[in-house]
Amino acid sequence: MDSPVHDTVKPFTAVLKIIAVLFILLLSFRVYAETYVSGRYSINSGGGSAASQSYKVNGSIGQTFASFASDTGYMHYIGLWSSEAPGIEAQTISDLKLLPDGVLAGVVGKVATSSQISHEDFFYIEDPNRQSGIRVSVPGEPLAGLIEGSVVNVFGVMDTTGAGERQLVGLLTSAVSTVSPLDPVAMNNAAVGGSDWFYNPVTGAGQKGVAGASGENNIGLLVRTTGKVIRAGPNWFLIDDGSIADGLDDPSRGVRVEVPAGVSLAPRNCYVVVTGLSSCYKTGPNLYRLILARRQEDITVIPDADLKTIGQAKSVQEGVAVTLKNKKVTAVFPGCFYMEETDRSSGIRVISSEEVNENDIVTVTGAMRTTVGEREIFAADVSASPQPNGIAPVGLPTRNLGGGTYWYQPGVRGARGVNNIGLLARVCGRVTAIYPDRFYIDDGSRKTADDGHVGVKVVTPDIVVPLGLYLDAYVSVVGVSSCYRLLDGSLESMIRTRRTSDMIVLRVVYLPIPINNLRLQPDNLSLTLSDGIVTAVFNGFFYLESQNRATGIRITSPTPVSEGDSPVIRGTLTTIDGERVIIATSVDEGSHGNDIPKPIGFLARNVGGADFGEIIPGVEGGRGANNIGLLACFLGKVAQIDPDGNYLYLNDGSRIKDGTQTEITPGVFEDNLGIKTVCDPSDYLQGDYLMITGVNSCFKDNQGKLRRQILVKSGGIQKIEM
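Residues numbered from 1 in each chain as written. Predicted model: local features only at pLDDT ≥ 70, side-chain atom pairs only at ≥ 80, totals over all residues. Heavy atoms only, no water.

1. What about the overall build of the protein?
Defined as follows: Working definition: helices are DSSP H or I runs of at least four residues, strands are E runs of at least two. Numbering for both runs from the N terminus. Exposure classes here rest on a 1.4 Å probe applied to the protein chains alone. A residue is buried below 20% of its type maximum, exposed above 50%, and partly exposed in between. Here, residues are in contact when the closest pair of their heavy atoms is within 4.5 Å. For the accessible areas, the method is Shrake-Rupley and the probe is 1.4 Å, while residue cover comes only from the protein chains on display.
Looking only at helices and strands, the protein has 3 helices and 44 strands in total. The burial tally for the protein puts 52% of its 722 residues in the buried class. Considering only intrachain contacts with a sequence separation of at least 6, the fraction spanning at least 24 residues in the protein is 63%. Total accessible area computed for the protein in this model is approximately 31,300 Å², and 51% of it derives from carbon and sulfur atoms.

See below:
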């Protein structure tokens, strides 16, 4: 295994050797006082000379190099030109890394993130905006006075170490001032190192990434990460936060942390926070993650008892015991609740049967674990005290719901922003799909959810989607930011609402649809219907039919109506157990006393009918036009009676079977023959002939297949004496 602290400087060209020698001669002129003055002089391409009291430079076309330095009180910048290898001043460290090995280049005004106290022959500099950093090799005399926060100018030769890390071999370095030291960039283990960045294996330009890379290349940056210490060597230890490979012997697993002489290693099996320079080491052809700690303070051991925040708890592995005090309860569900930091920085699910209420202040002790991608605490002890005030939800665009990976809490697919799983959140958007227990909303982010739906899934556990919700409505939703797993194994974001009042309809769009056009409409359409006639009324629902008897449909509503009414209905079109249904949000009075469409006579084999396009399913073995929802009449002989009094079967001689059975005596079952007729069968016997009037409908058997049935309307059975 090659050590990442050993340099391998590639041979210079003859011209670069001359330049290097002349630069080294200038090293004796370096001064380090923060008040010195630097200057730059150049001679144009036509040659010429420049002079002052302390120097004179002559230049001509094709001359490789010229430089000057004054007395020990000042140092003047070099001037150089070359037809073979011109020096380049890069504006950013990223620009510097784009240069091939062997090119003369420099940067000015960069901030040192390490000194040579830890590593005598190199240090690191970084762009002030923390966009990129690079190692600076300084063979020979250390750069005296260099501290973290020094503003540094460096001129030298671009190079790649034997461990695969780009560096600038400093021929002329100077510290010109100081600023506040830069903060490290926090990241999980998987993000350390990063992937290839414009890497050219021929020229060395760019930066090769580490094996199993994730995200942007950050080699050279000051970073911070955490994890459990799982292995150790003479001057290094390996930490793992669970975000990368699982094999203990896989060098891709975790992050290696190297410490300078005199710095103690972290104990095995403890949890640590590590700050240092993102670097790499090489095994075979691959580079692996490495952090170079600078001093003892860069390694902070976190005892379990010192875990104070939910965010810290999410940084520890499965099974670790934690105690979190004084957290605010934001949501309560059967078997679990959510708690949150009062500053809304992080939230988490707690698995517990202990009775708590929203707004309570709780102290929780339990073991950390992950279920369906979401971190949670399996509580052993919960104590709660009531508080009157709650926590306001965090407003988020749907594209930011869930967020990126945070230690052991995975991020969602296509994640953006900070991880917020477990927080009480508010999202707004247009309803794109509705189901009995969930719906989807989109705020224009166009996220894709399960089953191809557009938007974010909103789950309503133990409550139904409120009646005030319609397709294309604009809604505001409050709930807990959570996640669910897709078929490909990735996580997707969702909102878990607590109650109906968490969902507020802001604006609804209804489309006026003629009843004869309903067959052509997709599910989840919000509509207004005003031209149907009530043909049959049942408990909690009724049926509408067109006057020409072409279409019938069930309306779910508690509003009382009468046969012959033609009400104005607003609601959402959907399909439940194979039958088209309008879930009504309002049923307004229309006209009354209209002529009721006459029932259509059907043979058993034609009840229900076949599929109608891709939207309306037919019954198993259905024949003819789909007629579910139409008022029908049917004559048959009673073949079977339900002992529980819910239905009977009528056979018209077709002797069809729907695959179901009726238990006629305890343990004795008989196949049902004919059409299932939903009514009170108590007044009838097997062998009776009945003329029934009702609505053609369907039901699902145990295998999910649609089967024929008729819902008998009030007064819709006539016994026929044969």
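Continuing now.
2. Structural notes on the pairing of strand β41 (residues 668–673)
The side chains of a regular strand alternate between both faces of the sheet. What counts, and what does not: Only strands joined by at least two bridges in the DSSP assignment are considered to pair.
Where strand β40 (residues 657–665) meets β41, 5 bridges bridge the pair, whose relative direction is antiparallel. Considered in β41, the bridge of Lys657 is made with Leu673. Where β40 hands over to β41, the hairpin turn is made up of 2 residues, of which Gly667 adopts a positive phi near 85°.

3. Here's the deal with the confidence of the model for the protein
The line we're drawing: A score from 0 to 100, pLDDT tells how confident the predictor is in each residue.
Summary statistics for the protein give a mean pLDDT of 83 and a share of 84% for residues scoring 70 or more. Contacts for the low-pLDDT stretch residues 1–85, under 50 throughout, to residues beyond four places or in other chains number 149 contacts.

4. Here we look at the nonpolar core
To keep things clear, this is the line we draw: Nonpolar cores are built from buried Ala, Val, Leu, Ile, Met, Phe, Trp, Tyr and Cys residues. Side-chain atoms within 4.5 Å join them into one set.
Core analysis: the biggest nonpolar cluster contains 21 residues, and Phe337, Met339, Val364 and Ile377 have the highest contact counts within it. Of all the secondary structure elements, the ones that give two or more residues to this core are α3 (310–313), β18 (321–333), β19 (336–340), β20 (347–351), β21 (361–371) and β22 (374–385). Residues within four places of Ile377 in sequence aside, it is in contact with Val322, Leu324, Met339, Ile348, Arg349, Val350, Ile351, Val364, Gly366, Ala367 and Met368.

5. Side note on unusual backbone geometry
Even without being a glycine, Phe198 presents a positive backbone phi close to 50°. Along the chain, Phe198 turns up in the loop between β11 (185–186) and β12 (222–232). A positive phi angle, close to 60°, is found at Asn326, a residue other than glycine. Inspection of the secondary structure puts Asn326 in strand β18.

6. Some thoughts on the environment of Ile692
Along the chain, the position of Ile692 falls in strand β43 (residues 689–700). It is 4.4 Å that separates the C-alpha atoms of Ile692 and Ile717, two residues lying 25 residues apart in sequence.

7. Here's the deal with the sheet that holds β21
To keep things clear, this is the line we draw: Lines are fitted to the C-alpha atoms to define the axes, a helix being fitted only along its stretch in contact, and any angle between axes, read from their N-to-C directions, falls within 0 to 180 degrees.
Strand order in the closed barrel formed by 5 strands is β18-β19-β20-β22-β21, and the pairing between neighbours is mixed. For this sheet the average axis-to-axis angle between neighbouring strands, irrespective of direction, equals 55°. Two strands pair when backbone bridges link them, and β20 and β22 are joined in this way by 3 bridges, in the parallel orientation. Residue pairing across strands places Ile351 opposite Phe378, the latter belonging to β22.

8. Some points on a nonpolar patch on the surface
Test applied: Think of a patch as exposed residues, more than 30% relative accessible area, with no salt bridge, where like charges cluster within 9 Å and nonpolar side chains (Val, Leu, Ile, Met, Phe, Trp, Tyr) cluster within 5 Å. Whenever Lys or Arg places a side-chain nitrogen within 4 Å of a carboxyl oxygen from Asp or Glu, that contact is recorded as a salt bridge.
On the surface, Tyr474, Ile504 and Leu506 cluster together into a nonpolar patch covering about 280 Å² of accessible area. Position of Ile504 among the secondary structure elements: in strand β29 (residues 503–507). By relative accessible area, which is 43% here, Ile504 ends up partly exposed.

9. Looking at the side chain of Lys713
Summarising the element assignment, Lys713 is placed in strand β44 (residues 706–720). Discounting residues that sit within four places of it in the chain, Lys713 has contacts with Thr535, Ala536, Phe538, Glu563, Leu631, Thr693 and Gly694.

10. Topic: the sheet that holds strand β33 (residues 541–545)
Hydrogen bonds between backbone groups are what pair the strands of a sheet, and the pairing can be parallel or antiparallel. Taken in spatial order, the 7 strands line up as β30-β31-β35-β36-β34-β33-β32 in an open sheet, and their pairing is mixed. Each edge of the open sheet is held by one strand with a lone partner, namely β30 (511–512) and β32 (533–538). Sheet topology note: the β33/strand β34 (residues 552–556) ladder contains 5 bridges and is antiparallel. Looking at β34, one finds that Glu545 is bridged to Gly552.

11. Some remarks on the environment of Thr300
Counting through the fold element by element, Thr300 comes out in strand β17 (residues 299–302). Judged by relative accessible area, Thr300 falls into the partly exposed class, the value being 40%. Each C-alpha atom of the pair Thr300 and Val274 lies 6.5 Å from the other, and the pair is 26 residues apart in sequence. The contact partners of Thr300, leaving out residues within four places of it in the chain, are Tyr271, Val272 and Val273.

12. Observations regarding the pairing of strand β10 (residues 166–178)
Among the 13 residues of β10, 11 are classified as buried, and the element is accordingly described as predominantly covered. With 11 bridges connecting them, strand β9 (residues 150–160) and β10 associate as antiparallel partners. Paired with Asp159 across the two strands is Gln167, which belongs to β10. Where β9 folds back onto β10 in an antiparallel hairpin, the turn is made up of 5 residues, including Gly164, whose phi is positive at roughly 95°.

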